[in-house]
Each structure stands twice: as C-alpha cells, then as structure tokens.
Amino acid sequence: MGKQLAISAPSQLDALVKKAQRMGTGDSIRDSIVSDIYKTTHGICREVVQYEDQQKLANSYQLDRIFTSKIWGFPIMLAILGLIFWITIAGANVPSSMLADMFGVIEGYLTAGFLAVNAPDWLHGILVLGLFRGTSWVISVMLPPMAIFFPTFALLENFGYLPRVAFNMDRMFKRAGGHGKQALTMSMGFGCNAAAIISTRIIESPRERMLAILTNNFVPCNGRWPTLILLASLFMVVSSSGGIQTIVTASIVMGMVLIGIITTFTVSWVLSKTALRGVPTHYTLELPPYRRPQIWKTILLSSRDKSWSVLKRAVIVAAPAGVITWILGNIFVGGDSILTHMAAFFEPFGHLIGLDGFIIMAFILGLPANEIVLPILLMGYLSSGAMVELDGLDNVKEIFLQQGWTWLTALNMMLFSLLHYPCGTTLFNIYKETKSKKWTLLSALIPLAIAIAVTFTTAQLARYFGWV
Amino acid sequence: MTFEPIPLSEAGTGNKMRLTRIEVTGVMRRRLLDLGFVPGNEIEVLQKSPLGDPIAFRVNNTTIALRSEESSLIWGKRLGG
Amino acid sequence: MKTYTIALAGNPNTGKSTLFNTLTNMRQHTGNWAGKTVLRAEGTFQHLDTQFTLVDLPGTYSLYSNSADEEAARDYIIFEKPDVTIVVLDATSLERNLNLAIQVLEMTNQVVVCINLIDEAKRLGIHIDIRKMEQKLGVPTVAISARNKTGINELLSQVLKVASGEIVPSPTPITYNDEIEQKINELVPSIQEMLGDRLPARWVALRLLDGDESLLTTMKLWLTDQDSYKKEEALQYGQTACH
C-alpha cells in the first residue's frame, strides 16, 4: 500500500499546496504565526519566571559597555591579540628548545644504535636523518606554541568575547563587502585555516561566506606561526636581548598579521566589486552573555586535543615529507642531488622575488602542510653540503647565513609564507565546502599571485635602493 | 506623553522601545521574528559598535546586533520618559 | 537490549553540546565558533541497561527553514522520528528559547524539555517554577546544569519514561488567531486523508500556510522514497576538519 501512496502523494501534495495558496500565505500569515507563538511564550514566562532583580540581569551584559565601547573597544581588542601572541611566543621558547634538545639526544642514541648493528648508511639516512629528524622538528617547533595558543583562544571563546570582536569589526567588513563574522573565521584561521574553512558555515549568506573562504589564507595558521616567529626572532631582531627581544619579535609578528588583515580587506573589497558582486546580505549577530569559563578544564582539554592533533599530523605529514626530502637530497645525478638540481632550476625565479631555489622548493614540497616548510628547507640546505649539525634553534641562523641569507630573504620568506596558497588540507576543505573546482583553484591562485607580486616588489625596491 | 514611531536605528542608546512595524521582507524578516523582533514586543537599545554600526539590542533577555540596513526598517515607539 | 534514539535540539549558546559531552562522556572542546555542530553529531551512552544513541542537532533559533541548519534539524525531527527529542533551553532567556520548544512540540509529542544553565539563572536571580512550566507545556520538564552535572539523572529518567511509553506527553496546543485556526481546520482533513498519521497534520497545515517551500520539496522526496531525501551523512562527534 505504501507504494501506491508513494506514487500519488506528490501530486496530491501539489493540490494541497495550491489550496493553501488560495487561502493566502506569505508574510502576514507568518507574522501572525510567530507573534501568536510569542504571545503564548510571554504568557508562560509571566506565570513561570520571576525576576528577583532586573538590575542583576542587566549587569550581566554591562561588560559590553567596555568591550565594545567607542574608546576602549579597539585598544582592548588589539591588546588581547598582542597578549595572546606574546604569551605564545614567550611561553613556547623554553619548551621548544627543551624538546629539540631531547630529540637531539634521542637522535644520538639512534645513530649509535644504527652504527652498532652496522646498518647501511642509506637506512640510517632515511629513518634517522629523514623521518626522525623531520618529525621531531615539527613536534618541537609546533607543539609548544599550539598547546599555548589554542587554550587561550578557547578561554576567550568560552568567556564570550569572540562575538564581540565580530560586533566591533563588522563595519569594516561591511565596507569591504564582507560579514562581521568573517572576523571570527579569520580568528579561527590563526589556529588552522582548514578548520576555519569549515567554520565559515556560521556565515549564512553564500556571497559573504565565499569571501571569507577565499581570504582566509591571509591569516597565518599554526603551521606558519613557527616560520614567522622564528624568522622574526632570527633576522629582524638584530641587537636587542632578553625581554625586549620577545616584545620586538611579537611586534614584528603582529605587523605580519596586520599585513595579512589589510590584504584580507583589500582582496574582499576587490572581489566584492568584481567576481562576487552583490548587495551585502542581511545580518544578525547574537552577543551571548559573558560566562566565567571553566578555566582549568578548558586549558587542559584544549591543549590536550591540540597536542594530540599536532602529534598526529607530525606523523602523518612530516614523517613522509622528511623521508622524501632526504631521498631527494641524497640521490645524486651527475654530481648533485636531485634536490639541488630542482633548487637550481627554481633559483632564478627565487632570486627575482628575493628568495632562493631551496625556499621555493620547500614551499612546493610543503603544500600538504605548512609546518613542514622550514624543516624541508633546513634539510635541503644541510644536504647541499653545508657542514652544520642541527642541534638547536640557534644553529638555524648560522645555516641560513651560510646560504647567503639577508634580512630581505627573511622578510620575503615571511611575506611569502603569510600570503602564498593555503595548505592541501585547506584546499581540500574549500573544495568540499564550495563544491567548485573553479573557486578552489582561485583560492590558491589569488594568494599565490599576491605573494609573488608583493615579494617581487620588495625585492626589486630593496635592490634598487641598494638596501641589500 | 506619547511618542511617534521612529526607526530603531535612530533611537538613542538606553531607550526602551515598543515595536510597531517591521518593514524587512523575506528570509531576514523570518529571522528577525524568530529572534523576537515582533510587533508589540519590547526592546532596549543597548550599545553601538565602536564604529557606530551595528547596534546591539536587548530583546527577550538576549542581545542581538543588527546593521543599520535592517534596524532602519524596524519601527517602534519610545517607552517611558 | 533496547536502543533508543534521542535528538538534542535547542538555540545556539544553550549548552547543548556541553550536555552532549556530559551524556556521552566525550571530552571535546565545545563552542560555536571553533567547533560548530555541523549537520549533526552522534554518540552513544547507557543508562539503566538501556542503550541510547544521542544525536546533537545544529543549534537554531527556529525550525522554519531559514537556513541549512534549520532544515537539517527540522528534517531530522520530523522525518527520522527520534524516540525522544530533548529541547534544551537557556534558563536565562526562556522567552526566546520557548519559541523553539513550541515549534518542536507542534511536530512531535515525544519531547522532554530540559532547562539548562539553571545555576546561571539562580545566580542572576531568575526563579523558574519548573512544575508550572511542565503543566503549561504538557511535557516532562527538567532543570539541569550540564557543566556542573546536576539534574542529569532526573533528565535521563524522564527521557527513558517517554521513550518506553511509560509517559505519553500531551503538549498543550498553541491557539492561533481565528483566521489561521479556520484555515488550519480547512486543510487538516485533506492532509490526514493523504498522510494518515505519518506526519502531524496540524503542523503540515501550518507549514503549507506559511508557504515553506523547502519543506515541501523535501516532503515530496520523502513521500516518494523514505530514504532519498537525506542530504548528508552524520558526522561522528569530535571529527574535525583539520589534522
């Protein structure tokens, strides 16, 4: 019987719809339905709910008078952002070098073990110098900052501050054709662009959501933080020391973030005037009550989850990348390794934009995940004959200097890292969310074009004026 | 003393308003209704964003921010003095 | 062993996902911005020898298909017919939250109303007469605090009673104005004739009057083939996009 129903039902339904339409539908009916429901709920609440003190309730959102005030709204926002960066950078330093030391010691034992059993050199190379080193690099550089960054963000979120950021920033995003909630998907991007792409679902209107997706790459994700922080502290900070150095590093990183934000606005604006033209879609934003976060629970849960995902990713992505890089760096064709050949191929182009062939190689091989860009680069440099043993972050500067790095190389690598295409996971998510090859491709090509244009300009300017 | 209906975008911060008319249409109208922007309901103008727009409103014990595009199409009468 | 399916519905920011984690003993960071419940998340738990599958629907203000989230939540409740739908309300803003509760009560009577954040409400000097609320709504109503884990046992025992049929809730119907009521009465007989009791006739009539296009499209698919209307699969909770 079900079958018969099934065949006739849709047409019956159409008849019913027509009948209903004849009765008159639309806004006025909808209005009465909702207002009658509200009459009922108000009636229920009048009888069921008692307010002891309206003032107490009002106080719960008084904080907005400060957090979204004309005078304090933006300074507080910048201060909080700066504070998060500072805590992350300052707090991650010590555990990072401790981890690096620890892995260095383990590597020593592993090497000794390989020697003891007379393992062939290539096996030691692939497993220890490739796999182990690549993985441990990613872990020691990534784990501490992530275990600090995400919990602080989670605390802010649980406290209820994040929607206020969207509230404060909305006017600016509106000017650029976007949605205030884009501020939040950007904030998520600081953690992980791939996750941020999914989080753009909070933006209900398709046009603004697409803007948020296409520009999310311009906020540096956790895979790019270490690159930015390391380069900022190694090269941009010349002669200051201690606490001041941390603050200068944090400021440079903040500066990079600002460049990213300005790019986001500019690209959003241009897109909303060209490919994604349209009237800004309607907008509502709830500002939920401030709630005291469960501080320790949030911190522990969030750092545990993040540490776990960093570790997982280190194994899944960094380990194979380490192996591949080692192999490329140690198979010799005509006297040079494949890696060197490839780097040589990219060298002229790299030079044009103030980088070098190895850096370009690292960005290409680092497509699956941004956090492996630096490790690949270091391996590339090390395999190319530089006789530096990597046993701590301080050595990195020496390696770079030996490769002829200047402040321009560091600056442009930071800029390129900030602006270039999103990682593989992010691109995959963009494809899943937009279901469009065209937009996915654009989401990689737009940033790439901007990254090349910007680094080309700085390189040419710096050389023209003889700064390097 | 009675007040003439004015758009919410022009009602000053701190004022309580009784809604009279919603001129927004389509999905946004539905959304506004669901949030409690229903004619007859009472709302309070809480706070402007630092750049002047959007504006946060207190409705049904929740805080909702609207852009001027919408709040200029929602009308209400000021309550009290 | 009997397995019941329980759906969690509610406004955003009502602590729905916290309740989900509490019940299923999962420990994920919850929050709308970082880990928004996309489509729906599923988990399982046991209570008094009964197995439950818990489905966390996206947080929505309404079920009138204004967005993909609202459609997903509505489709699940109306077409998948979970054994019990728990409507999670924020005790500090009941008026707005009840709007959703009433929409759910028009769709099914297998409902337990759960007033969350009751500790927060107490702190703010808001007193809620739960028994009276229960009377007014006509369905079991429980006050809980998901984060402090108070009231959870009471909630589960009510859920079990409704699921097993020990309690058959009879929600108090909303009376609309005469014009709408008259139209509903005109439509209901033909709806009943067509659908029997597969969908609540009064609710369908209201949706027809509202001109809810998206629902009608889904309904047609559902009528042709009970499975084909499903748009996407459920995610396991905690499955994130990144890493």
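As a reminder, the structure under discussion sits directly above these lines.
Because the structure is predicted, anything quoted here is derived from the model rather than measured. (Residues numbered from 1 in each chain as written. Chains lettered and ligands numbered in written order. Predicted model: local features only at pLDDT ≥ 70, side-chain atom pairs only at ≥ 80, totals over all residues. Heavy atoms only, no water.)

> Just to check I follow, could you spell out the packing of aromatic side chains for this structure?
The tally for this structure, following the rule as stated, stands at 18 aromatic pairs over all chains. Ring centres of phenylalanine 37 of chain B and phenylalanine 57 of chain B lie 6.1 Å apart, and the angle between their planes is 90°; this geometry places the pair in the edge-to-face category. Of this pair, phenylalanine 37 of chain B sits in the loop between helix H1 (26-35) and strand E3 (42-48) while phenylalanine 57 of chain B sits in strand E4 (residues 55-59), and the two are 20 residues apart along the sequence. Of the residues examined, phenylalanine 37 of chain B reaches a relative accessible area of 0% and is grouped as buried. Taken together, a centroid distance of 5.0 Å and an interplanar angle of 15° make the contact between phenylalanine 45 of chain C and phenylalanine 52 of chain C stacked. Here phenylalanine 45 of chain C and phenylalanine 52 of chain C have matching classes, each one buried. Grouped by ring-pair contacts, the aromatic residues Phe67, Phe159, Tyr161 and Tyr290 of chain A constitute a single cluster. The ring of tyrosine 290 of chain A is capped by arginine 164 of chain A, whose NZ or CZ atom sits 4.0 Å from the centre of that ring. Lying over the aromatic face of tryptophan 75 of chain B, arginine 21 of chain B brings its terminal NZ or CZ to 4.8 Å of the ring centre. (Phe/Tyr/Trp six-rings, centres within 6.5 Å; stacked < 30°, edge-to-face > 60°. Helix = DSSP H or I, 4+ residues; strand = E, 2+ residues; numbered from the N terminus. Buried < 20%, exposed > 50% of the residue type's maximum accessible area, 1.4 Å probe, protein only. Lys NZ or Arg CZ within 6 Å of the ring centre and 35° of its normal.)

> Could you clarify how one ought to interpret the nonpolar core in this entry?
All names here are of chain A. Membership of the largest hydrophobic core comes to 111 residues, with the highest contact counts inside it found for Trp225, Leu377, Phe400, Trp405 and Met413. Tallying contributions element by element places helix H6 (residues 121-159) first for this core, with 12 residues. Beyond its immediate stretch of four places on either side in the chain, leucine 377 contacts Phe358, Ile359, Ala362, Phe400, Trp405 and Met413. (Core = buried A, V, L, I, M, F, W, Y, C linked by side-chain atoms within 4.5 Å. Contact = heavy atoms within 4.5 Å.)

> Could you clarify how one ought to interpret the interface of chain C and chain A in this entry?
It is common to report an interface's size as the accessible area lost on association of the parts. Contacts between chain C and chain A engage 65 residues on the former and 70 residues on the latter. Of the roughly 6400 Å² buried between chain C and chain A, counting both surfaces, carbon and sulfur atoms make up 63%. Here chain C is connected to chain A by five salt bridges. Taking the shortest distance from any N to any O, the salt bridge between lysine 136 of chain C and glutamate 47 of chain A comes out at 2.8 Å. The tally of links between chain C and chain A comes to 13 residue pairs in polar contact (both at pLDDT 80 or more). For the side of chain C that touches chain A, the elements supplying multiple residues, two or more each, are helix H2 (32-35), helix H4 (94-107), helix H5 (118-123), strand E6 (126-128), helix H6 (130-137), helix H8 (178-195), helix H9 (201-210) and helix H10 (213-224) of chain C. Grouping the constituent residues of the side of chain C that touches chain A by class yields 29 nonpolar, 20 polar and 16 charged. Bridge analysis of strand E1 (residues 49-51) of chain A against E6 of chain C gives three bridges, and the strand direction is antiparallel. Within E6 of chain C, the position partnered with tyrosine 51 of chain A by the bridge is isoleucine 126 of chain C. (Buried area = accessible area lost by both parts, 1.4 Å probe. Salt bridge = Lys/Arg side-chain N within 4 Å of Asp/Glu carboxyl O. Polar contact = N/O pair within 3.5 Å; in protein donor to acceptor, adjacent residues only side chain to side chain. Nonpolar A, V, L, I, M, F, W, Y, C, P; charged D, E, K, R; others polar. Pairing = 2+ DSSP bridges.)

> Quick question: what am I supposed to make of the pattern of salt bridges here?
A side chain with one charge can pair with a side chain of the opposite charge if their charged atoms come near. Following the criterion strictly, the structure yields 28 salt bridges over all chains and no others. Among the ionic pairs, aspartate 210 of chain C bridges to arginine 30 of chain A, the shortest N-O distance being 3.0 Å. Residue aspartate 210 of chain C is found in helix H9, and its partner arginine 30 of chain A is found in helix H2 (residues 27-48); the two belong to separate chains. Each member of the pair, aspartate 210 of chain C as well as arginine 30 of chain A, carries the same accessibility label: buried. Connected via shared salt-bridge partners are Arg30 of chain A, Arg30 and Asp34 of chain B together with Arg74, Asp75, Arg207, Asp210 and Asp212 of chain C.

> Any chance you could explain helix H3 (residues 68-80) of chain C here in plain terms?
Three- or four-residue spacings in an α-helix give side chains the same orientation, since the helix completes a turn every 3.6 residues. Residues and elements named next belong to chain C. For H3, spanning 13 residues, the distance from its first C-alpha to its last is 17 Å, which sits close to the expected 18 Å at 1.5 Å a residue. Across the 13 residues of H3, 10 count as buried, placing the element largely inside the fold. Taken as a whole, H3 has its buried residues at Asp69, Glu70, Glu71, Ala73, Arg74, Asp75, Tyr76, Ile77, Ile78 and Phe79. Positioned one or two residues after H3, lysine 81 has a phi angle of 45°, which is positive. (Expected span 1.5 Å × (residues − 1).)

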